[in-house]
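An overview of the molecular structure
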Amino acid sequence: MSEPSTPSLSSLPFFESIRDEFKAQSKRFPRLLNIPTWGYQGSGKTCSILTAIHFCDIAKHGVSLAVPNSSKKIRALEENNPAYKVLGLVPLAETTRTVLSEHNELFVSQCRWPPGTDAPSSYLLEARSVSGKLGYILLPDIMGGSYEKSDSVANNALEASDAVMLLVDPYRYQVQDHQGKNYRDHVVSMIHESVENDTPLCVMLTKYDACESGIVDDVHKQLAFYLDGQESDGDRFEYEIFRVSVISDTGAADSSQGQAKPLERLPPIAERSPDSLVRAWVWTLHQALTKSEDASDVRSLPQVDLGTVTNGVVPLEASAVPEFRLAREKRGAPGRVLCSIPVTGESRFVCVSDDLSRLIEVSVDRRTHEQVVESTVTINGMAPGEERVTAAAFGRNVFCGPQHTEILWLGSRFQGLSPVELPLKVSAWVPVSETILVGVASDGSLYSFGLNRDKWDVKDYAKGFVGESEHFACAMLVDQTGVLVHDGSSFVGIKVDAHGRLGHRFRVAKEMEMPDTYVELAVNGSGYVLVEQTNDRLYFGDEGAPFDLGKVHAEAPCTFALSETRPMLLWVDEEGMLRLGVVGGSGVKISPEWSSAELSGLPSGMCWDYDGEFAMVTFDNGQWAWGRHYGL
């Protein structure tokens, strides 16, 4: 059995040899590694990531970590590894920049603890050596406590990992009650799962400086006992146990209570010395790179719970029948569903109460089909008007209001929305970041607006970008590099950078022939167009003559939902059936009546999740339902 020890930087040959290996690895084409961090809420996952980013140093340790700052390089990685394209790495990098910059401000600059993880998320980092980029590191920072619920997000990420970091709270591990027993069982289960998957395991005994030394010793001995006897395919299982702290490695606390009271404020960053934590990260990166020897090997990545975004044609098997099947239908709807939250691998939706006073976030578990109301926040000062309220989410923010408007309600999904006046009236709009909005005016001019405290400023504009029209529609490109604008006759696209500057415009090569008259127009980021005519007929397509889907129900408040990222839609036909349509190899495939969903009423709202996997339907009678497609 291994004797407990406190790893430190005293073993300089370790870093000297590993620097050479990292240097050699960077000469190969960068790859993408999946390294989940496992731990309950409060175990220090986010702080561990922030500490590793700040302290890992190429000169000292052979490797450094950074938040990606070039979407161009990520796209180059995707071009060289087509299997990566489904993972949504560009938006993930932007989310990483937004979230970690907020946490870093607290943790590094203000010396305050960041809040615990309250939702499943992933981060994307760059690993660099002295010779260049080693690769991108996918870090699923699983929701705190999700393992207590056997969360499917956690399971998917762990089964597909190149290495795993297991963050164990020694004090929690040794507590002799029911929760302590459950915690120990889950830790041991994680060890066994890593062995079964032949995944190198880094065990971090966290808060080393705040837990009594005797407790740390006992927990270290117990975990070493479990790990020393493990073999994977007849070979020694690769693992290490590290005693870590984000503050100091000077030793554990002596406390009659077993655990010292956490510091209210962190010491200045220059006074912290998290040497063991750095060593743990470097060891883990080395193991993951060694395991993933083939840069083109993407064995694990499709299993990571990042979902799939398909931009092109969706082929159908010869025997497959398109079907939309309701998984649940119940009373007590929180309101009318407005939009999805653009998070790959999850089904999250934004609803608005009937009186427009509250915004409600709802998630649906794709495995169990159970729904959870995640949050409810206030909408300040919104009143019903002639035009229906729409919404769009980006990152933590939600944009809400009619499409023809001079005022948008904006705010965090967790804090509430307030009205912010635009410099001019727009006829259609779409957010391209948490603080940048693109809108088209009635004369066809295109504007980008940037949020400046409590007002919108014009960042850039293109006069006469498209023709004048009564109907406009906007959508962000699936790769999130720009927007598409439809003026009722054709598409025009334009690139938009992170600062709201408008770049070069482009035409869509293939376009759908538009009907003469229509009452509603919708587009998505892949260039698909949906048109509802004045006679209630619905047309769908992306090029040439549109496909006639037949009549929609004339009395339905909401008649269709177009996927943001896939060539797919739902609509309510004139008999009140919910039909599925999807672009296949030979045109649009439609679910027959017998494989379509029969509704209990007429929808007030419908929306696909971001991946186009699940859809939510709400009704004026207080019912709500959700379901998914099959046969694609």
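Cut-off values and rules
Residues numbered from 1 in each chain as written. Predicted model: local features only at pLDDT ≥ 70, side-chain atom pairs only at ≥ 80, totals over all residues. Heavy atoms only, no water. Phe/Tyr/Trp six-rings, centres within 6.5 Å; stacked < 30°, edge-to-face > 60°. Helix = DSSP H or I, 4+ residues; strand = E, 2+ residues; numbered from the N terminus. Buried < 20%, exposed > 50% of the residue type's maximum accessible area, 1.4 Å probe, protein only. Lys NZ or Arg CZ within 6 Å of the ring centre and 35° of its normal. Pairing = 2+ DSSP bridges. Axes fitted to C-alpha atoms, helices over the stretch in contact; angles between N-to-C directions. Parallel < 35°, antiparallel > 145°, perpendicular 65-115°, else oblique. Left-handed = near helix turned anticlockwise from the far one by under 90°. Contact = heavy atoms within 4.5 Å. Nonpolar A, V, L, I, M, F, W, Y, C, P; charged D, E, K, R; others polar. Salt bridge = Lys/Arg side-chain N within 4 Å of Asp/Glu carboxyl O. Patch = residues over 30% accessible without salt bridge, like charges linked within 9 Å, V, L, I, M, F, W, Y side chains within 5 Å. Areas by Shrake-Rupley, 256 points an atom, 1.4 Å probe, with all protein chains shown as cover. Lys, Arg positive; Asp, Glu negative; His and termini not counted. Charge placed at Lys NZ, Arg CZ, Asp CG, Glu CD.

Here the focus is the packing of aromatic side chains. Evaluated as defined, the whole model comprises 11 aromatic pairs. With centroids separated by 6.4 Å and ring planes inclined at 75 degrees, the aromatic side chains of Tyr173 and Tyr183 adopt a geometry described as edge-to-face. With Tyr173 in helix H7 (residues 170–174) and Tyr183 in helix H8 (residues 178–196), this residue pair connects regions lying 10 residues apart in the sequence. Taken as a pair, Tyr173 and Tyr183 share a single burial class, namely buried. Measuring from centroid to centroid gives 6.0 Å for Phe225 and Tyr226, while their planes differ by 65 degrees, and the two rings are edge-to-face. On the accessibility criterion, Tyr226 (30% relative accessible area) is partly exposed. These aromatic residues form a ring-pair network of at least three members: Trp38, Tyr40, Tyr173 and Tyr183. Just above the ring of Phe107 sits the side chain of Arg272; from NZ or CZ to the centre is 4.8 Å. Stacked on the ring of Tyr630, the Lys or Arg Arg325 has its end atom at 3.9 Å from the ring centre.

For the rest of this paragraph, the subject is the pairing of strand S29 (residues 529–532). On any regular strand, side chains alternate: one points to one face of the sheet, the next to the other face. Going residue by residue along S29, you find Val529 and Val531 tucked away on one face and Leu530 and Glu532 tucked away on the opposite face as well. Note that strand S28 (residues 520–523) and S29 share four bridges and pair antiparallel. In the strand pairing of S29, Leu521 is matched with Val531. Hairpin remark: S28 followed by S29, antiparallel, with five residues in the connecting loop; positive phi at Gly527, about 90 degrees. Bridge analysis of S29 against strand S30 (residues 537–541) gives four bridges, and the strand direction is antiparallel. The residue bridging Leu530 from the neighbouring strand is Phe540, located in S30.

Contact geometry of H8 with helix H9 (residues 213–228) gives a least axis separation of 10 Å together with a crossing angle of 30 degrees. With respect to each other, H8 and H9 are oriented roughly parallel. In this structure, the crossing between H8 and H9 has a hand that is right-handed. Residues Val187, Val188 and Ile191 of H8 lie in contact with H9, whose contacting residues are Leu223, Tyr226 and Leu227. Residue composition of the contact of H8 with H9, grouped by class: six nonpolar, no polar and no charged.

At their nearest, the axes of helix H2 (residues 45–55) and helix H10 (residues 275–291) sit 10 Å apart, and the two run at 90 degrees to each other. As far as their axial angle goes, H10 and H2 are roughly perpendicular. Between H2, through Ser48, Ile49, Thr51, Ala52 and Phe55, and H10, the contact on the second element is made entirely by Leu277, Val278 and Trp281. Counted by class, the contact of H2 with H10 contains six nonpolar, two polar and no charged residues.

To continue, consider the pattern of salt bridges. For the coordinates displayed, the defined rule picks out 19 salt bridges. Here Arg128 makes a salt bridge to Glu126, at a shortest N to O gap of 2.7 Å. Residue class for Arg128 comes out partly exposed when judged on its relative accessible area of 28%. The partner of Arg537 in a salt bridge is Asp548, with the nearest N and O atoms 3.1 Å apart. Of the two residues, Arg537 is situated in strand S30 and Asp548 in strand S31 (residues 547–551); the sequence distance between them amounts to 11 residues. A residue is classified by how much of its surface remains accessible, and Asp548, at 33% relative accessible area, is partly exposed.

Once that is clear, we can look at the pairing of strand S37 (residues 603–608). Most of S37 is tucked away: six of the six residues are buried. One ladder, built from five bridges, connects S37 with strand S38 (residues 614–619); its direction is antiparallel. Residue pairing across strands places Trp608 opposite Ala615, the latter belonging to S38.

A few words on the side chain of His369. With respect to the helices and strands, His369 occurs in the loop between strand S14 (358–364) and strand S15 (371–378). Relative accessible area serves as the criterion here: at 16%, His369 is assigned to the buried category. Setting aside residues no more than four positions away along its own chain, His369 makes contact with Ala327, Arg328, Val364, Phe614, Trp626 and Arg628.

Where like charges cluster on the molecular surface, the negative patch consists of Glu574, Glu575, Glu593 and Glu598. Note on placement: Glu593 falls in the loop between strand S35 (587–590) and strand S36 (597–598).

Across the sheet, which stays open at both edges, the four strands sit in the order S24-S25-S26-S27 with antiparallel pairing between neighbours. Because the sheet does not close on itself, it has two edges, and the strands there are strand S24 (473–476) and strand S27 (502–506). With strand direction ignored, the average angle separating the axes of adjacent strands in the sheet is 25 degrees. Relative to strand S26 (residues 491–496), strand S25 (residues 482–486) is paired through five bridges, and the arrangement is antiparallel. Bridge pairing links His486 to Phe491 in S26.

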